[in-house]
Amino acid sequence: MLHINLAEHSYDIVIQRGAFQEVGKWVKGLWQPQRIAVITDSNVSPIYGQVIIDALTHEGFAAKLLVVPAGEKSKSLEQATILYDRLAELGLTRSDGIIALGGGVIGDLAGFVASTYMRGIHFLQIPTTLLAQVDSSIGGKTAVNTGNAKNLVGTFAQPAGVLIDPELLRSLPLYRVQEGIAEIIKSAAIADDQLWQKLAELQDEAALLDHAEQVITAALTVKQKVVEEDPFDHGSRLMLNFGHTIGHGLEKTAAFEISHGAGVAIGMVMITQHAESIGLSPKGTTAQLIEMISKFHLPTQPESLDKDQLYQAITHDKKARGNQLKIILLEKIGQAKIVTIPTEEIKNYL
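Please read all numbers here as calculations on a predicted model, not as lab measurements. (Residues numbered from 1 in each chain as written. Predicted model: local features only at pLDDT ≥ 70, side-chain atom pairs only at ≥ 80, totals over all residues. Heavy atoms only, no water.)

## Focus: the overall build of the chain
- A count of helices and strands for the chain gives 13 helices and 12 strands.
- Since a compact globule built from 350 residues should have a radius of gyration of about 20 Å, the 20 Å found for the chain is in line with a globular shape.
- With the principal axes as the frame, the chain shows a C-alpha extent of 60 × 40 × 40 Å.
- Burial status across the chain gives 57% buried among its 350 residues.
- Long-range contacts, defined here as pairs at least 24 residues apart, represent 75% of the contacts in the chain between residues at least 6 apart.
- Counting only carbon and sulfur atoms, one obtains 49% of the accessible surface of the chain, whose full area is about 14,600 Å².
- Where the 30 positive side-chain charges of the chain centre and where its 39 negative ones centre are 3 Å apart. (Helix = DSSP H or I, 4+ residues; strand = E, 2+ residues; numbered from the N terminus. Rg over C-alpha atoms; globule rule 2.2 N^0.38 Å. Buried < 20%, exposed > 50% of the residue type's maximum accessible area, 1.4 Å probe, protein only. Contact = heavy atoms within 4.5 Å. Areas by Shrake-Rupley, 256 points an atom, 1.4 Å probe, with all protein chains shown as cover. Lys, Arg positive; Asp, Glu negative; His and termini not counted. Charge placed at Lys NZ, Arg CZ, Asp CG, Glu CD.)

Take a look at the structure:
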């Protein structure tokens, strides 16, 4: 278990195989009897939807399942509006709660809805993908996409708790596991050389899942430290954006046909490659990244690249502030730094 210690709102993260089997008891330990809307998607609902509703009902909660279409397109203001109406129809008040059951899209969308419905009601995160378990389910960032950029409209709202059960990953297709591994590689690269060494010892994705509790805990510990230092993403928390400035741009230009993990993997390589060429990262760092990323069957370069279009997508990203852009570069594997560059200069990294 990890504890996120924040001045205004602290919470625990349970990381345990089989924890989902006790989900009703877990919720009862955190919340009084109340109405609960479980927000999930069309992929997760057939597998775990009825299981969680039955568990919550058994513990005395009035629980309803709200299902949205699977995929990044559901992370929108339009889908949020539909959910607001459903919550009102169910009679949810500020004394009731929302549970996000799904991957990063559901976590972001449900968290955003919970933080804005009636000016904010409490919510829990139960991430069902590796990407959500190692990254998006903790830290309190919620958001939806717009036509201009990914995560452009959002709030900072901390969950009341997070339940991470690595057994839920067994139902994932391989590419969804790989997507989460990209964020684990990122965490190791910026702040944990021991995690990097552990990843180097693992043969493949299956071996990583066998060691999921250890790997997830290590990756989340990296995030825990920076979230506690910088809960509102003004300073050191920017470290977590390694690979994301370019990665989000790639996702946007590909109309989200490229996965977040693939975008981050490519972004880490592209930004390190140029940094290394101009002496801002040590020689050989890119090769280490490429070797690790390739081992887990993630891409290291885009299939096609329109630099002008990618530049436009990056400069619409939240990380672009005025004429300057903060980027994350590696000082070595396991240590990163924040560097401010003129926005125009990002073109050199593309």
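## A closer look at the UniProt feature "binding site: Zn(2+)" (unreviewed entry) in the chain
- Residues annotated by UniProt as "binding site: Zn(2+)" (unreviewed entry) correspond here to E183, H244 and H260. In three dimensions, the annotated residues from a span of 78 residues occupy one location, with a maximal C-alpha spread of 9.9 Å.
- Relative to the elements of secondary structure, E183 occurs in helix α6 (residues 174-191).
- In contact with E183, not counting residues within four places along its chain, are L131, V134, D135, H244, H260 and V264.
- Looking at the secondary structure, you find H244 in helix α10 (residues 244-253). (UniProt positions renumbered as here; feature names shortened; annotations may be inferred.)

## Remarks on the pairing of strand β2 (residues 11-15)
- The buried count for β2 comes to four of five residues, which makes it a mostly enclosed element.
- In this structure, strand β1 (residues 2-4) lies alongside β2, joined through three bridges in antiparallel fashion. Across the sheet, residue L2 finds its bridge partner in β2, namely I13.
- In textbook terms, the turn of a hairpin is the stretch between consecutive antiparallel strands, and for β1 and β2 this stretch comprises six residues.
- Direction of pairing for β2 relative to strand β9 (residues 162-164): parallel, over a ladder of three bridges. Paired with V14 across the strands is L163, a residue of β9. (Pairing = 2+ DSSP bridges.)

## Things to note about the UniProt feature "domain: 3-dehydroquinate synthase N-terminal" (unreviewed entry) in the chain
- Summarizing the sequence annotation, UniProt attributes the feature "domain: 3-dehydroquinate synthase N-terminal" (unreviewed entry) to residues 66-175 in the numbering used throughout.
- Along residues 66-175 the backbone is 33% helical and 24% strand, and the end-to-end C-alpha distance reaches 26 Å.

## Topic: the pattern of salt bridges
- Across all of its chains, the model carries 17 salt bridges by this definition.
- Between E251 and K150 there is a salt bridge, with the nearest N and O atoms lying 3.3 Å from each other. Of the two residues, E251 is situated in helix α10 and K150 in the loop between β7 (141-144) and β8 (153-156); the sequence distance between them amounts to 101 residues.
- The class of E251 is buried, set by a relative accessible area of 2%.
- Each of the salt bridges in this network shares a partner with another, and the network as a whole consists of E72, K75, D108, K150 and E251. (Salt bridge = Lys/Arg side-chain N within 4 Å of Asp/Glu carboxyl O.)

## Things to note about the nonpolar core
- In this structure, I13, I185 and L199 are the most contacted members of the largest nonpolar core, which totals 71 residues.
- The leading source of residues in this core is helix α9 (residues 212-229), at nine residues.
- Looking at which domains feed residues into this core, each of domain 1 (2-169) and domain 2 (174-349) supplies at least three.
- Other than its neighbours up to four places away in sequence, I185 contacts W196, L199, M268, L289, M292, I293 and F296. (Core = buried A, V, L, I, M, F, W, Y, C linked by side-chain atoms within 4.5 Å. Domains from an automatic or database assignment.)

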